[in-house]
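Letter by letter, the chains look like this.
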Amino acid sequence: MNVLEPGLYIVATPIGNLGDLSPRAADILSRADLLAVEDSRVTAGLLRHIGTKTPMTPYHDHNADAVRPGLVARLATEAIALVSDAGTPLISDPGFKLVRDARAAGHSVMTIPGPCAAVAALTLAGLPTDRFLFLGFLPAKAGARAAAIAEVAGIRATLVMYESGPRLAACLATLAEGLGDREAAVTREITKRFEEAVTGTLSTLASCYADVPPKGEIVIVVAPPGEAAPASADDADAALAEALTRLPVGRAASEVAKRLGVDRRELYARAMRLRKAAEE
Ligand code: SAM
């Protein structure tokens, strides 16, 4: 068996179906000198599946700061693979500081990409994927959660977030309040036996899960905000009347056209009528 080049290997692992472990990921896990793992009991199951016994050391939120310098020092001569319990390390999981420090110390960093619940959920949701914003886990406390939602309400992108079953209904209701009743998908147990994607508006989904919190692992995907309703003639007149108190007709028409997305020539004609009416 060839020896791996020293350095840090970021290895994605299955989020449910062990068949999703890539041959390259299995190869790196077998040949690495050491695996930095979130929970050795979880990774031991994966190692049994591929028939290897690579040594493991814990790397998780509670010990990362203390053990990181030692791991970075070892990267000079050893191949260390970072593995989380499931999916892609660093995505709502520990690892970004290890990557940063490893690179700063001049060591190689390589990624072995693979399953990620957020991306898998996007492929199931049937919502636009050209622009999306990953929010990780929203804060657990109601006030902080509503504030986090308000912060992203105006963003023209599909939103993706991780959530737990017991909090799902409350989270969907807060999303409906803060974002408006957008289309959404609740994806659950992706790649596992009971995989599902339930779609609907946020408020229907909230009531659907209110009585019986679902079991298993969940990703919520929310559609981007709809197109803003076109400005009405009354909106345009009100904006023009205000602009005419500060600006000559041409500049008032240009400013309002830009702000409301309305044709400038049409606004210019309206502005002329308004000015004439005011003078009579
Ligand atoms: N790093 C992981 C990844 O790449 O997806 C995510 C880790 S995060 C600590 C765990 C959360 O991911 C779960 O609480 C759940 O929201 C989501 N998740 C993980 N596996 C999932 C699955 N099979 N189906 C749905 N959601 C899943």
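Relevant structure appears above.
Note that the structure is predicted; figures quoted are calculated from it, not measured. (Residues numbered from 1 in each chain as written. Predicted model: local features only at pLDDT ≥ 70, side-chain atom pairs only at ≥ 80, totals over all residues. Heavy atoms only, no water.)

Enquirer: Would you mind going over empty space enclosed by the protein with me for this structure?
Expert: Gaps left between atoms are located by rolling a probe of water-molecule size over the structure's atoms. Counting across every chain of the model gives one cavity of 30 Å³ or more. Its boundaries defined by the atoms lining it, the largest cavity holds a volume of some 30 Å³. If you go around the largest cavity, the residues you meet are E38, Y59, L82, V83, S84, P89 and P94. For the lining of the largest cavity, the residue count by class is five nonpolar, one polar and one charged. (1 Å grid on protein atoms, 1.4 Å probe; cavity = no way out; pocket = protein on both sides within 12 Å on 5 of 7 lines; lining within 4 Å. Points joined across faces, edges and corners; volume = space filled by probe spheres on them. Nonpolar A, V, L, I, M, F, W, Y, C, P; charged D, E, K, R; others polar.)

Enquirer: Looking at this structure, how should I read the environment of R275?
Expert: Considering the arrangement of structural elements, one finds R275 in helix α11 (residues 264-279). On the accessibility criterion, R275 (29% relative accessible area) is partly exposed. Sequence-wise, R275 and M56 are 219 residues apart; in three dimensions their C-alpha atoms are separated by 78 Å. Sequence-distant contacts of R275, defined by excluding residues within four places in its chain, comprise L244, L247 and V249. (Helix = DSSP H or I, 4+ residues; strand = E, 2+ residues; numbered from the N terminus. Buried < 20%, exposed > 50% of the residue type's maximum accessible area, 1.4 Å probe, protein only. Contact = heavy atoms within 4.5 Å.)

Enquirer: Explanation requested: unusual backbone geometry in the structure shown.
Expert: Across residues other than glycine, the phi torsion is negative in most instances, and most of the peptide bonds are trans. Of note in the backbone geometry, E189 takes a positive phi value of approximately 50 degrees without being a glycine. Here E189 shows up in the loop between β8 (183-188) and β9 (196-201). Judged by relative accessible area, E189 falls into the buried class, the value being 16%. Positive phi, close to 70 degrees, is recorded for T191, a residue that is not glycine. Examined against the element boundaries, T191 turns out to sit in the loop between β8 and β9. On the accessibility criterion, T191 (23% relative accessible area) is partly exposed.

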